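# Structural description and commentary
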Amino acid sequence: MFTSPFLRNFAWLPLLALAGCANPGSPKAPSLHLPEVVANLQAQRLGDQVILTFTTPSGSTDGGTVHLPITALLCRRQGTGACLPLQRQTVAQGPTRLVDTLPPTLLATPTTLLAYRVELFNRGNRSAGPSDQAFTASGPAPAPVGTLTAISRPAGAQLTWQPSAAGGSMELHRIQNTPKAQQITLQAATSQQSDPGGYIDPTPLSPKLDSVQFTYVAQRTLTLNLNSRSITLLGLPSAPVTFLYSDTFPPPPPTGLLAIPTLTPPALDLSWEPSPAPDLLGYNIYRRDASVPSTTFTRLNPQPLPAAAFRDLSARPNQPYTYRVTALDRHHNESQPSPEVTESIVP
């Protein structure tokens, strides 16, 4: 059978057409560029305001980009009512913060549950829907903390404030002013029922934190149970107070001083109860001639003694001596002397 060379040259074209049309796939719908629904809305009551935080997404619901600008619509629901629009404003992608200042009617009793939602719109005013609800409460917030003071005491930093009879707990926030500054929330210094107006933080006594400044902030909190939800209300925090511990407090005097003579070699062995001071450096031992009442005490050790014991090899036989001991802290504050003890070496 004769085939034209012309036809032979173009016989492959139908095959190529079929190959090009194989598995074309389903056509994609055009992107609506809708911002993803907010997934992490949180509400925190602070004084007369509610602070709302969330992340404004950078992607759309179909994995594409969002047509900027993005606007956020915030609504608030009280009790079983509808979620009423509060404000609408342009937001940037990333961490976002909105503030709702409560009206006077929501600052009075009775306390009710408040629910918030946020909905994001693209520049075409289209949205993928509102977020889940975030909850807080209406009613009076805990009283603001007035002046917070910090002074040095033997047990640490004594923090004081004006007590409140309205109940609630107090949180103390401590920041160590070091290159690796770290904020720590101390345990609630008060209970829900009473406010003693003070707290002692022993942290500045640590030798590792000598000469370190601390910053303290106090804030009242109130925890409520509404509709089986635990809601925490925060009062306005105090102004921060910066504090440097100044140790001018001597340790307590040693107790239980004993003097025991030995003959080989002739000496008087002294011992006492160890000091409970957390910043103890050591001890000083003093002696005087007990046969002459007018003599003064002389220190026997050139450097602080690290242990609660001392052997007096300079004591002479048949000579009575009176001893006393003091404790010394790392700032060289010296305690009052211990009760005295008199002893002699009798061969």
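Each remark here, short or long, concerns the structure printed above.
Rules used throughout
- Residues numbered from 1 in each chain as written.
- Predicted model: local features only at pLDDT ≥ 70, side-chain atom pairs only at ≥ 80, totals over all residues.
- Heavy atoms only, no water.
- Helix = DSSP H or I, 4+ residues; strand = E, 2+ residues; numbered from the N terminus.
- Buried < 20%, exposed > 50% of the residue type's maximum accessible area, 1.4 Å probe, protein only.
- Contact = heavy atoms within 4.5 Å.
- Areas by Shrake-Rupley, 256 points an atom, 1.4 Å probe, with all protein chains shown as cover.
- Phe/Tyr/Trp six-rings, centres within 6.5 Å; stacked < 30°, edge-to-face > 60°.
- Disulfide = S-S within 2.5 Å.

## Quick notes on the overall build of the protein chain
The helix and strand inventory of the protein chain stands at 2 helices and 22 strands. Burial analysis of the protein chain (347 residues in total) assigns 39% to the buried set. Put simply, of all contacts in the protein chain between residues at least 6 apart along the chain, 66% involve residues at least 24 apart. When the accessible area of the protein chain is evaluated, it comes to approximately 19500 Å², of which 57% is carbon and sulfur surface.

## A look at the packing of aromatic side chains
Under the counting rule described, the total for this entry stands at 5 aromatic pairs. Ring geometry for Tyr-321 versus Tyr-323: centroids 6.3 Å apart, planes at 50°, classification tilted. For the pair Tyr-321 and Tyr-323, a shared accessibility class is recorded, and that class is buried. Clustering of aromatic rings is evident, with ring pairs tying together Phe-214, Tyr-216, Phe-243 and Tyr-245.

## Structural notes on the side chain of His-173
Tracing the sequence through the fold places His-173 in strand β10 (residues 169-176). In contact with His-173, not counting residues within four places along its chain, are Gln-183, Ile-184, Thr-185, Thr-215, Tyr-216, Val-217 and Gln-219.

## Some details on the state of the cysteines
Following the criterion strictly, the structure yields 1 disulfide and no others. There is a disulfide in this structure between Cys-75 and Cys-83, and the S-S distance comes to 2.0 Å. Disulfide Cys-75 to Cys-83: torsion about the S-S bond roughly 90°, handedness right-handed. Residue classification places Cys-75 among the buried residues on the basis of a relative accessible area of 12%. Residue Cys-83 is classed as partly exposed on the basis of its relative accessible area of 28%.

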